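# Coordinates in review
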Amino acid sequence: MCRYDEFDHAFVAERVDQFRGQVARRVAGDLSEDEFKPLRLMNGLYLQLHAYMLRVAIPYGTLSATQMRMLAHIARTYDRGYGHFTTRQNIQYNWPALADVPDILDDLASVEMHAIQTSGNCIRNTTADPLAGVAADEIEDPRVYAEIIRQWSTLHPEFSFLPRKFKIAVTGAPNDRAVTRGHDIGLRMHRDLQGNPSFEVMVGGGQGRTPILAKTIRNFLPVEHLLSYLEAILRVYNQLGRRDNIYKARIKILVQSEGEAAFAEQVEAEWQQIHNNAPGALDLPEAERNRIAAYFAPHGYADLPKQSPILDAALDTDPAFAAWVESNVQGHKQPGYAIATISLKPHGGIPGDASAGQMDAVADLAERYGFDEIRITYKQNLVLPDVPKADLHTVWQELVDLGLGTANAGRISDIIACPGLDYCNLANARSIPIAQRISERFTDLQREREIGDLSLNISGCINACAHHHVANIGILGVDKKGVEYYQITLGGVADENAAIGAVIGPAFEEHQIADAVETIVDVYLNERETDERFIETYQRVGPQPFKEKLYATD
Amino acid sequence: MSIPIPKTIKKTQITTAQAVTANRLSDGAVVYLTDQNTWSAEIDDCQIVNDQGVAENFLSLTQELSGGLSGGDQVVGTYLFKVQLDGGRALPLSRREIIRTTGPSISFGATAAPKQPQI
Ligand code: SF4
């Protein structure tokens, strides 16, 4: 788990003190809003439609029970009793008062958390596979490298004023649960030809108005060279990235305009230069990697049998539980344990929202049925990563009592939705009510199971914070003369086979969108061959059958 | 002295009644300029203008109000928005301004009923 060293403690404490002074000067009228705005943004504080919004980083999506309780405390004490978990493993509070923010930051610092670099043109919170350290398919725990990147990128003087914001995602497994191709830099671990762990380095991915998948510029980067190589990429971007046009400032545009081969060559040249100037200075010695890896050392797992008779009996007698296990529970690398996804998508609820009470209760569960850890996922859900199989039924029953037991992980109602026009200053249309309406259409568990794995994401504007471009069904809110419309894309994929969806046709009005999604599902069920997932059917039959039904004139 | 009109407000856009809004510095709450030249959280208190010249004066006034105050009266990000009149009451025209006036269109946090999964 992320651990602060003395530098981190001192730096975060100093930053909170500075911000306290800045807030006081702003309230006293000594700082104008123009002067204050960059200062508050550096501390993760945005001004939205009705209130301030504070975005807090959750490094690589891992929280201790103590940290989760602090998030609950903040929600209860300074906000309106809830928080919103985002695709980038952050939590957002929607209603903090300006004067309270320094106290919130103090409280966060007391549990080694902060909101620094959650805004601005810097390297943002590095995200990682939410199943890091427990996934059966993992080569190495990616959090070790995410932590190394966190330490390197925090207040990096050269990269604090990049042309635009910069996001990095890391996975240690071949199955990509961190959307690495959707990031400015994606790092995916493979074994090289000698069997050593190394990173595939992908650059220039992003959502927004120009969705692009990151291009692989190096297939096997030895892990000890991670920082020098990242430094080389960032230097090329910092020098050549456009600062004159905000819409062309992301690294994806640079990679596209230079061409990926030419860009890769420039990175290699810069990398060589870094080596020549200071040989080995940025290398990661094995001892240092091991020191950081110790933060994430495997827990003291009990020697449990692979099968649990208690679990098997519950599966036989409780079909609702069996359905939850089918969708929300995954295999663990340790025999006798399981990974349980806690859905923050109750049917008709707000995707990603959790109340303070729910956060406290999840912290309790993590202590009682795990090793004090909770994960935040790209899908805006929570994960209990180390549940003994024999305890799964009890855990699920407690989750049901908390309103957190929905059996829909990876299903159509497991919708990613951004805050949209209900909160966001940049929005064109609402996302949340659309997500609620669609998920209410799929409350029948049997129907959801029949539909199977399907991703549906909704963004309230072209900034695409909900990653609708890489959803099987993507929905984008647009404004047409003051009226909310919704454009549908089909065929996006967020995993290791990432793909950008294609617009299916003219946008739908708000009252039509849930029907349109049902139509898409009906076409899929009609067209699919045995055991085909939605995306497989779509890739086989193409958009035409969907178009025909969606825009039938009768 | 001529008052510069912000880029977002073009003369041609001013075709209907307008009011001035902002966010309160202390908590970001939505506020409206009243005919007493104070800020109110109630849209019913807002001052309505139909005339380009008066709208310009409004902007001038709000610049003064947002720039020179301290304490609880300070606001951030003043701008004009279109309203229609309904029996003397101002109703915002755009969805965005309707939501700013009424708050999120969904029930959230403690007001959102905990949903039980379908089992
Ligand atoms: S996608 Fe647009 S509306 Fe949604 S959170 Fe991002 S900026 Fe706001």
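For the structure itself, consult the block above.
All of these numbers come straight from a predicted model, not from anything done at the bench. (Residues numbered from 1 in each chain as written. Chains lettered and ligands numbered in written order. Predicted model: local features only at pLDDT ≥ 70, side-chain atom pairs only at ≥ 80, totals over all residues. Heavy atoms only, no water.)

### Concerning the overall build of chain A
Along chain A, the regular secondary structure elements total 18 helices and 21 strands. The principal-axis extent of the C-alpha atoms belonging to chain A is close to 65 × 60 × 60 Å. By residue count, 63% of the 554 residues in chain A fall in the buried class. If you sum the accessible surface of chain A, you get close to 20,200 Å²; carbon and sulfur atoms cover 49% of it. (Helix = DSSP H or I, 4+ residues; strand = E, 2+ residues; numbered from the N terminus. Buried < 20%, exposed > 50% of the residue type's maximum accessible area, 1.4 Å probe, protein only. Areas by Shrake-Rupley, 256 points an atom, 1.4 Å probe, with all protein chains shown as cover.)

### So, the site of the ligand
The ligand sits among Cys418, Pro419, Gly420, Cys424, Leu426, Ala427, Gly460, Cys461, Asn463, Ala464 and Cys465 of chain A. The residue makeup of the shell around the ligand, split by class, is eight nonpolar, three polar and no charged. (Near = heavy atom within 4 Å. Nonpolar A, V, L, I, M, F, W, Y, C, P; charged D, E, K, R; others polar.)

### A closer look at the environment of Tyr423 of chain A
Note that Tyr423 of chain A resides in the loop between strand S16 (416-417) and helix H14 (432-441). A residue is classified by how much of its surface remains accessible, and Tyr423 of chain A, at 5% relative accessible area, is buried. On a C-alpha basis, the gap between Tyr423 of chain A and Trp95 of chain A in space is 10.0 Å, while along the polypeptide they are 328 residues apart. Filtering out sequence-adjacent residues up to four positions away, Tyr423 of chain A remains in contact with Gln48, Leu49, His50, Tyr82, Asn94, Trp95 and Ile432 of chain A together with Pro104, Ile106 and Phe108 of chain B. At 2.7 Å, the side chain of Tyr423 of chain A and the side chain of Tyr82 of chain A are in polar contact. (Contact = heavy atoms within 4.5 Å. Polar contact = N/O pair within 3.5 Å; in protein donor to acceptor, adjacent residues only side chain to side chain.)

### Remarks on the sheet that holds strand S8 (residues 185-191) of chain A
Within a sheet, neighbouring strands are paired by backbone hydrogen bonds and run either parallel or antiparallel to one another. Residue and element names in this part refer to chain A. One open sheet accounts for five strands, arranged S6-S7-S8-S9-S10; its pairing is mixed. Here the strands that pair on one side only, and so sit at the sheet edges, are strand S6 (127-128) and strand S10 (215-222). As paired strands, strand S7 (residues 168-171) and S8 are joined by four bridges and run parallel to one another. In the strand pairing of S8, Thr171 is matched with Arg188. (Pairing = 2+ DSSP bridges.)

### A short note on the interface of chain B and chain A
Quite often, the size of an interface is put as the accessible area lost when its parts meet. Contacts between the two partners involve 30 residues from chain B, matched on the other side by 42 residues from chain A. Taken together, the two surfaces of chain B and chain A that pack against each other cover about 2,800 Å², and 60% of this comes from carbon and sulfur. Where chain B meets chain A, there are two salt bridges. For Arg95 of chain B, the salt bridge goes to Glu510 of chain A, with nearest N and O atoms at 3.7 Å. On the surface where chain B and chain A come into contact, there are ten residue pairs in polar contact (both at pLDDT 80 or more). Secondary-structure elements contributing two or more residues to the side of chain B that touches chain A are strand S1 (18-24), strand S4 (75-86) and helix H2 (95-102) of chain B. No other element matches H2 of chain B, which puts four residues into the side of chain B that touches chain A. The residue inventory of the side of chain B that touches chain A, partitioned by class, reads twelve nonpolar, twelve polar and six charged. (Buried area = accessible area lost by both parts, 1.4 Å probe. Salt bridge = Lys/Arg side-chain N within 4 Å of Asp/Glu carboxyl O.)

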